[in-house]
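Close look at the chain arrangement
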Amino acid sequence: MHLTEAQRARAIAKLEENWSLSEVAAELNDNKTVHINESCFFTEQCEAVNHQTECKEGLCTCRFGKVATLKQDGQLECTIG
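An account of the accompanying structure is given in this report. (Residues numbered from 1 in each chain as written. Predicted model: local features only at pLDDT ≥ 70, side-chain atom pairs only at ≥ 80, totals over all residues. Heavy atoms only, no water.)

With respect to the overall build of the chain
Of the regular secondary structure elements, the chain holds three helices and four strands. The linear arrangement of helices and strands in the chain, starting from the amino end, is α-α-α-β-β-β-β. Seen along its three principal axes, the alpha-carbon backbone of the chain occupies a region of about 40 × 20 × 20 Å. A total of 81 residues make up the chain; the buried ones form 28% of that total. Within the chain, residue pairs in contact and separated by at least 24 positions form 18% of the contacts whose partners lie at least 6 positions apart. About 5,400 Å² of surface is accessible on the chain, with carbon and sulfur atoms providing 49% of the total. The distance from the centre of the 8 positive side-chain charges to the centre of the 13 negative ones in the chain is 4 Å. (Helix = DSSP H or I, 4+ residues; strand = E, 2+ residues; numbered from the N terminus. Buried < 20%, exposed > 50% of the residue type's maximum accessible area, 1.4 Å probe, protein only. Contact = heavy atoms within 4.5 Å. Areas by Shrake-Rupley, 256 points an atom, 1.4 Å probe, with all protein chains shown as cover. Lys, Arg positive; Asp, Glu negative; His and termini not counted. Charge placed at Lys NZ, Arg CZ, Asp CG, Glu CD.)

Here's the deal with helix α1 (residues 5-16)
Across its 12 residues, α1 extends 16 Å between first and last C-alpha, which sits within 8% of the 16 Å expected from 1.5 Å per residue. If you check which residues of α1 are buried, you get Gln7, Ala11 and Lys14. Buried residues along α1 cover an arc of 65° about the axis, so they all sit on one side. Of the residues in α1, the exposed ones pointing more than 90 degrees away from the buried face are Glu5, Ala6 and Glu16. Here the buried face of α1 lies against α2 (21-28). Trailing α1 by a residue or two, asparagine 18 shows a phi angle of about 70°, which is positive. (Expected span 1.5 Å × (residues − 1). Arc of directions from axis to C-beta.)

Here we look at the state of the cysteines
Enumeration over the complete set of coordinates arrives at three disulfides. The side chain of cysteine 40 participates in a disulfide bridge whose partner is cysteine 55; the two sulfur atoms lie 2.1 Å from each other. Residues cysteine 40 and cysteine 55 are joined through a disulfide that is right-handed, its torsion about the S-S bond being 95°. One end of the pair, cysteine 40, is in the loop between α2 and α3 (43-47); the other, cysteine 55, is in strand β1 (residues 53-56), and 15 residues separate them in sequence. Judged by relative accessible area, cysteine 40 falls into the buried class, the value being 2%. Classification of cysteine 55 by relative accessible area gives buried; the value is 16%. Note that cysteine 46 is cross-linked by a disulfide to cysteine 60, the S-S spacing being 1.8 Å. Between cysteine 46 and cysteine 60, the S-S dihedral sits near -90°, and the bridge is therefore left-handed. With cysteine 46 in helix α3 and cysteine 60 in strand β2 (residues 59-62), the pair connects residues that are 14 residues apart, well separated along the chain. (Disulfide = S-S within 2.5 Å.)

That's the geometry; what it means functionally is another story.
Laid out in structure tokens, this is it:
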């Protein structure tokens, strides 16, 4: 994940203040929860919405060999591929 110098400095400062990674991630992402196929900084952002996801290459993706599947209600979920 690429952070700007300002984001990196902000993250380091927060970690030095004993913030958790999920708190820092939320701060960097303007406290936005992150869903499948949305941009992320840390896995904790994705896990807060769905424990079966991780932040990989800046995008929340399904893990454990699962794939994102569109449900009838329009929501994405992780299912066995």
